[in-house]
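Here's the letter readout for the chains.
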Amino acid sequence: MGLRACLLGLLALILSGKCSYSPEPDQRRTLPPGWVSLGRADPEEELSLTFALRQQNLERLSELVQAVSDPSSPRYGKYLTLEDVAELVRPSPLTLRTVQKWLLAAGARNCHSVTTQDFLTCWLSVRQAELLLSGAEFHHYVGGPAETHVVRSPRPYQLPQALAPHVDFVGGLHRFPPTSSLRQRPEPQVAGTGGLHLGVTPSVIRERYNLTAQDVGTGTSNNSQACAQFLEQYFHGSDLAEFMRLFGGKFVHQASVARVVGQQGRGRAGIEASLDVQYLMSAGANISTWVYSNPGRHEGQEPFLQWLLLLSNESALPHVHTVSYGDDEDSLSRAYLQRVNTEFMKAAARGLTLLFASGDSGAGCWSVSGRHQFRPSFPASSPYVTTVGGTSFQNPFLITNEIVDYISGGGFSNEFPRPSYQEEAVAQFLSSSPHLPPSSYFNASGRAYPDVAALSDGYWVVSNSVPIPWVSGTSASTPVFGGILSLINEHRILSGRPPLGFLNPRLYQQRGAGLFDVTHGCHESCLNEEVEGQGFCSGAGWDPVTGWGTPNFPALLKTLLNP
């Protein structure tokens, strides 16, 4: 009788496909520039799809993040373990049972979950996947600088209505791998002056941000940092060694990465991958460093999503993660945005510091119903990450004050409301900025970013054994700020304190203490008559171009060391 009831239940679930819903109706499915279709996938080809299962107790999770991240809370620094988080958010037994039965009936196999049980990754044939996900039609695509191959569906998928309370979305259908916005700028021209530097190197960064030769990791603490890469790019250990030989002679450093998670290809090194590793390891010098390298290399997987799954499946992780990845917020479905934001909450509850690049398009620009608006970037716009903008030297050849780098991403989310921790700072900016763009261009009540900044212009990078100058982008500023936070964690751990964790509540409470305020310059935006290419402008205090400013290490250490 039990078997019959089970089979009837499965039949009802499959038949209820006639009464279906679309989890991601708002997900953009247009082909990104530079990608081409190679035609339909073979029906017997194998696919890997990831099912995001509905989580529980998210309000409680939000309260705990606030408690462990707020210095005025008695729970400050008392982070949850991965097992604690799993206990809290694990999907209900009904959700687990319903989804597993549905997938089993469809012929899914080799299903793998994560510790938190809220993601399930399964293998199916293209034929099975198209039957399971009504409306989906899988095609092969190739594109990007590395000629990456992926399998995606240009058509929306639907799920049985009975699954609506149980599945947030299915990964591996629509989102394409990101492309790098890193750029190599022409060398600035300047009249002859003395005391010049010829681009940003670790020595320049350490001088500007007041790091001495003694400001390095001890090599004895349980401290580590990581960068994550999703661009089908690789770093070469030989490039890192050569970079440190050229530029690391004045401080103690590690010459190799402690751990690579994921696939390290044998192809040419990518500038972005090389930059991330070289500057995280020279700013956070002599600290054990992990690299997450292109997780999810199977054609059906989304690399960024696979990185989130890795975080949900590893109980001991580096304290600081820097990520130079972003998408237009409007290109992603609401279901995906909200779920990824929850994944960042899970990381914050565990005391992980996640730093994301703010993007390299200034305020951005797009046209909505014939009207121009600024275009926020995600994950930069998530309220549960610390977002890093970019600056330039006032004189590109001298270690001077910093001004806005015009590409520095910043603005206001259209999806996430302004979090309470930044209420006062953002209200102050909106009421006092003399150069506000028209209100129709941005959502003044949204999460505002970036939170901090660092130099993003004119870096030297070694890639494929060649030193390359004038590399620019917030992909540079993010690992630099991350490395500096790792040095502060080193001091905290050695004095018996917990790592910094989710930084924003503390950062805003302390109103930018320990940071150089950047008060000159504006970033780029829409090239039209109304705003004439100008987005927001920096000013005293917090602003949506450089946040609270750039690190002054001794002062920032003093500010963040206690409690």
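All values reported here derive from a predicted model rather than from experimental measurement.

Peer 1: Looking at this structure, I do not really get the overall build of the protein chain. What am I missing?
Peer 2: A tally of helices and strands in the protein chain yields 14 helices and 30 strands. Taking 24 Å as the expected radius of gyration for a compact globule of 563 residues, we find that the protein chain reaches 24 Å, a close match to that expectation. Overall size of the protein chain, expressed as C-alpha extent along the three principal axes, is 85 × 55 × 50 Å. A buried classification covers 58% of the 563 residues belonging to the protein chain. Long-range pairs, those at least 24 residues apart, make up 81% of the contacts in the protein chain between residues at least 6 apart in sequence. Computing the positive centroid from 40 side-chain charges and the negative centroid from 48, the protein chain places the two 7 Å apart.

Peer 1: Could you clarify how one ought to interpret the packing of helix α9 (residues 303-311) against helix α10 (residues 334-349) in this entry?
Peer 2: A pair of packed helices is captured by two measures, namely the crossing angle of their axes and the spacing between those axes. Running from N to C, α9 and α10 cross one another at 35°; their axes reach a closest spacing of 10 Å. For the crossing formed where α9 meets α10, the hand is left-handed. Across the interface between the two elements, Phe304, Trp307 and Leu308 of α9 pack against Tyr336, Val340, Glu343 and Phe344 of α10. When grouped by side-chain class, the residues that make up the contact of α9 with α10 number six nonpolar, no polar and one charged.

Peer 1: Teacher, can you tell me more about the UniProt feature "binding site: Ca(2+)" (unreviewed entry) in the protein chain here?
Peer 2: Within this structure's numbering, the places UniProt gives as "binding site: Ca(2+)" (unreviewed entry) are Asp517, Val518, Gly541 and Asp543. These annotated residues cover 27 residues of sequence, and their C-alpha atoms lie no more than 9.7 Å from one another, placing them together at a single site. Its place among the elements puts Val518 in the loop between β27 (515-516) and β28 (522-524). Excluding residues within four positions of it along the chain, Val518 makes contact with Thr391, Glu402, Ile403, Val404, Ser538, Gly539, Asp543, Thr546, Gly549 and Thr550. Mapped onto the fold, Asp543 is located in the loop between β29 (534-537) and β30 (550-551). Here Asp543 is in contact with Phe429, Pro450, Val518, Cys537 and Ser538, once residues within four sequence places are set aside.

Peer 1: Hey, could you run me through the packing of aromatic side chains in this one?
Peer 2: In this description, an aromatic ring pair is defined by two values, namely the gap between the centres and the angle between the planes. In the structure shown here, the tally under the stated rule is 32 aromatic pairs. Centroid distance Tyr384 to Phe502: 5.9 Å. Interplanar angle 40°. Geometry classified as tilted. Of this pair, Tyr384 sits in the loop between β19 (377-378) and β20 (386-393) while Phe502 is found in the loop between α12 (474-494) and α13 (504-509), placing the two residues 118 residues apart along the sequence. For Phe502, a relative accessible area of 5% gives the class buried. An aromatic cluster of three or more residues is present, and its members are Phe230, Phe304, Trp307, Tyr325, Phe344, Phe356, Phe378 and Phe416.

Peer 1: Looking at this structure, how should I read the UniProt feature "active site" (unreviewed entry) in the protein chain?
Peer 2: Residues annotated by UniProt as "active site" (unreviewed entry) correspond here to Glu272, Asp276 and Ser475. The named residues occupy 204 residues along the chain; their greatest pairwise C-alpha distance, 7.3 Å, places them in one compact cluster. Tracing the backbone through its elements, the reader meets Glu272 in helix α8 (residues 271-283). In this structure Glu272 comes out as buried when scored by relative accessible area, which is 3%. When neighbours within four sequence positions are excluded, Glu272 is seen to be in contact with Ser180, Leu182, Leu231, Gln233, Ser324 and Ser475. According to the relative accessible area criterion, Asp276 is buried, its value standing at 1%. Apart from residues lying up to four places away in sequence, Asp276 is in contact with Cys227, Ala228, Gln229, Ser324, Ser475 and Pro479.

Peer 1: Hey, could you run me through the state of the cysteines in this one?
Peer 2: By the definition in use, this model includes three disulfides. The disulfide bridge from Cys111 ends at Cys122, spanning 2.0 Å between sulfur atoms. Because the torsion about its S-S bond is 120°, the bridge between Cys111 and Cys122 counts as right-handed. In this pair, Cys111 is assigned in strand β4 (residues 109-113) and Cys122 in strand β5 (residues 119-125), connecting sequence segments eleven residues apart. Residue classification places Cys122 among the buried residues on the basis of a relative accessible area of 0%. The disulfide partner of Cys365 is Cys526, and the gap between their sulfur atoms is 2.1 Å. Of note, the bridge from Cys365 to Cys526 carries an S-S torsion of about 110° and is right-handed in sense.

Peer 1: Explanation requested: unusual backbone geometry in the structure shown.
Peer 2: The phi angle of most residues is negative, glycine excepted, and most peptide bonds adopt the trans form. Following Phe378, the chain continues into Pro379 via a peptide bond in cis, with omega recorded as 10°. Mapped onto the fold, Pro379 is located in the loop between β19 and β20. In this structure, Pro563 follows Asn562 across a cis peptide bond, with omega equal to -5°. Mapping Pro563 onto the fold places it in the segment after α14 (553-561). Look at Trp470: it is not a glycine, yet its phi comes out positive at around 60°. Considering the arrangement of structural elements, one finds Trp470 in strand β26 (residues 466-472). Although it is not a glycine, Glu532 sits at a positive phi angle of roughly 55°.

Conventions used here
- Residues numbered from 1 in each chain as written.
- Predicted model: local features only at pLDDT ≥ 70, side-chain atom pairs only at ≥ 80, totals over all residues.
- Heavy atoms only, no water.
- Helix = DSSP H or I, 4+ residues; strand = E, 2+ residues; numbered from the N terminus.
- Rg over C-alpha atoms; globule rule 2.2 N^0.38 Å.
- Buried < 20%, exposed > 50% of the residue type's maximum accessible area, 1.4 Å probe, protein only.
- Contact = heavy atoms within 4.5 Å.
- Lys, Arg positive; Asp, Glu negative; His and termini not counted.
- Charge placed at Lys NZ, Arg CZ, Asp CG, Glu CD.
- Axes fitted to C-alpha atoms, helices over the stretch in contact; angles between N-to-C directions.
- Left-handed = near helix turned anticlockwise from the far one by under 90°.
- Nonpolar A, V, L, I, M, F, W, Y, C, P; charged D, E, K, R; others polar.
- UniProt positions renumbered as here; feature names shortened; annotations may be inferred.
- Phe/Tyr/Trp six-rings, centres within 6.5 Å; stacked < 30°, edge-to-face > 60°.
- Disulfide = S-S within 2.5 Å.

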